[in-house]
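Summary of structural features
Each chain is listed here by its residues.
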Amino acid sequence: MDDKLIIRGIEFRSRLWVGTGKYKDFEETRKAVEASGSDVVTVAVRRVNIIDRKSENLLDYIDPKKYKILPNTAGCYTVEDALRYSRLAREAGISDLIKLEVIGDEKTLFPDTWGLLKATEILAKEGFIVLPYSNDDPIIAKRLENAGAAAVMPLGAPIGSGLGIRNPYNLKIILETVNLPIIVDAGVGTASDAAIAMELGCDAVLINTGIAGAKDPIAMAEAMKHAVIAGRLAYKAGRIPKKLYATASSLIEGML
Amino acid sequence: MKFTLNGESVETTDGATITGLLRDLGIEPGRVAVEVNLSIIKKADYASFHLKDGDTVEIVNFVGGG
């Protein structure tokens, strides 16, 4: 079945995208990423450890030839910082992809939508393929589209909360009104959450804590893989309408 | 001369280049980005860019993140 996700000409084999934060070590990261079947991994941009040069590098475990590396601007609270990190990421990496985060508040890690829009506009003009981490608000999602975003990444729930898809109805509106790939980012806590996002018609799901924080991250990575595939298939198959009363599955005709 | 590298004060010989600095630190240039006084230095310029006394240098790479 040819059902590839394509963003600005880049083909994604997997509709499950995974983060690389919070794992016990790089070996566990590698195994979980492999078990997820994903071909996209997110990374953060941070200072090189100049004191301990023997410390290992994430990319020794996650081969950039095998995986698409999607740098984020996590930890950026201003437009200026987000731009700075994005430009550094592009220089350190090999592509124009950036998962843009402009965070508005430490406690909720909700996006600063004003700053996000501003940064999206600037980076899109600089040739970045901007994937903004957004609120689940259809108005800001539309504005991000108009500002030149390549996809919109609305949150399901706060980052790391595991609360699942808190507002499926807003996501439905975003899916209807925004003509870009919609990738749910943040909040997915278990397999059913990922399946719900995909059943709604979202194009992909990005998960980090939901996998890395599980008791067995490698098993959870595999569970998420199946959930995303199942959710996508169910969406494409077209679910039955919900109704209040029963309809018999077995024929009445021929009964004794 | 003295300059600031990733927040630490360090000393090096006058006129050191980015290429030299990365080599001394044992850092593979392909996987990092280098910023001097808030301007990104392109990889093609590493060999010709000379650091000055008082410069603020940042070398970043990719780490685990979501």
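In what follows, the structure referred to is the one given above.
Here we summarise the structure given alongside this text. No experiment lies behind these values; they were computed from the predicted model shown. (Residues numbered from 1 in each chain as written. Chains lettered and ligands numbered in written order. Predicted model: local features only at pLDDT ≥ 70, side-chain atom pairs only at ≥ 80, totals over all residues. Heavy atoms only, no water.)

Once that is clear, we can look at the overall build of chain B. Helix and strand counts for chain B stand at 1 helix and 5 strands. Listed N to C, the secondary structure of chain B is β-β-α-β-β-β in terms of helices and strands. Relative to the 2.2 N^0.38 estimate, which gives 11 Å for 66 residues, the radius of gyration of chain B is 12 Å and therefore close to what a compact globule would have. Seen along its three principal axes, the alpha-carbon backbone of chain B occupies a region of about 40 × 25 × 20 Å. The buried share of chain B, reckoned over its 66 residues, is 42%. (Helix = DSSP H or I, 4+ residues; strand = E, 2+ residues; numbered from the N terminus. Rg over C-alpha atoms; globule rule 2.2 N^0.38 Å. Buried < 20%, exposed > 50% of the residue type's maximum accessible area, 1.4 Å probe, protein only.)

With that settled, consider the pairing of strand β1 (residues 2-5) of chain B. Residues and elements named next belong to chain B. Across the two faces of β1 the burial differs, with Phe 3 and Leu 5 buried and Lys 2 and Thr 4 not buried at all. Pairing of β1 with strand β5 (residues 56-64), which is carried by 2 bridges, proceeds in the parallel orientation. If you follow Thr 4 over to β5, its bridge partner there is Thr 56. (Pairing = 2+ DSSP bridges.)

The next subject is the interface of chain B and chain A. The interface of chain B with chain A comprises 26 residues on the first partner and 30 residues on the second. If you sort the residues of chain B by the area they bury against chain A, Arg 31, Phe 62 and Gly 66 of chain B come out on top, with a joint share of 31%. The tally of links from chain B across to chain A stands at 4 salt bridges. Residue Lys 42 of chain B is joined to Glu 91 of chain A by a salt bridge in which the shortest nitrogen-to-oxygen separation is 3.4 Å. Counting the contacts that link chain B with chain A gives 15 residue pairs in polar contact (both at pLDDT 80 or more). When contributions to the side of chain B that touches chain A are tallied by element, the ones reaching two or more residues are β3 (33-36), β4 (39-41) and β5 of chain B. (Contact = heavy atoms within 4.5 Å. Buried area = accessible area lost by both parts, 1.4 Å probe. Salt bridge = Lys/Arg side-chain N within 4 Å of Asp/Glu carboxyl O. Polar contact = N/O pair within 3.5 Å; in protein donor to acceptor, adjacent residues only side chain to side chain.)

All names here are of chain A. If you trace the 3 strands from one edge of the open sheet to the other, you get β6-β7-β8, paired in parallel fashion. Two strands lie at the open edges of the sheet, namely β6 (97-100) and β8 (153-154), each paired on one side alone. Where strand β7 (residues 129-134) and β8 come together, 2 bridges link them in parallel fashion. Bridging from a neighbouring strand, Ser 134 pairs with Pro 154 of β8.

Attention now moves to the nonpolar core. Within the largest apolar cluster, 63 residues are counted, with the highest numbers of intra-cluster contacts made by Leu 100, Val 188, Ile 207, Ile 211 and Met 224 of chain A together with Phe 62 of chain B. For this core, the leading source of residues is helix α2 (residues 79-92) of chain A, giving 6 residues. Among residues more than four places away in sequence, those in contact with Val 188 of chain A are Gly 162, Ile 165, Asp 193, Ala 194, Val 205, Ile 207, Gly 210 and Met 224 of chain A. Listed in part, the 18 residues of the second largest apolar core include Val 48 of chain A together with Leu 21, Leu 22 and Ile 27 of chain B. (Core = buried A, V, L, I, M, F, W, Y, C linked by side-chain atoms within 4.5 Å.)

Residues and elements named next belong to chain A. Counted according to the given criterion, the structure contains 2 aromatic pairs over all chains. With 4.9 Å between their ring centres and 35° between their planes, Phe 12 and Trp 17 make a pair best called tilted. Trp 17 gets classed as buried once you look at its relative accessible area, which sits at 0%. Of note, Arg 90 hangs over the ring of Phe 128, and the distance from its end group to the ring centre comes to 3.8 Å. (Phe/Tyr/Trp six-rings, centres within 6.5 Å; stacked < 30°, edge-to-face > 60°. Lys NZ or Arg CZ within 6 Å of the ring centre and 35° of its normal.)

Another aspect to go through is unusual backbone geometry. The backbone of Leu 109 of chain A sits at a positive phi, close to 55°, despite the residue not being glycine. Under the relative-accessibility criterion, Leu 109 of chain A is labelled partly exposed at 27%. Positive phi, normally seen in glycine, also occurs at Leu 38 of chain B, with a value near 75°. Within the secondary structure, Leu 38 of chain B is located in the loop between β3 and β4.

Right, let's get into the side chain of Asn 57 of chain A. Examined against the element boundaries, Asn 57 of chain A turns out to sit in the loop between β4 (40-47) and β5 (68-71). Within the structure, Asn 57 of chain A has its side chain in polar contact with the backbone nitrogen of Leu 59 of chain A (distance 2.7 Å). Aside from chain neighbours lying at most four places away, what touches Asn 57 of chain A is Phe 26 of chain A together with Arg 31 and Asn 61 of chain B.

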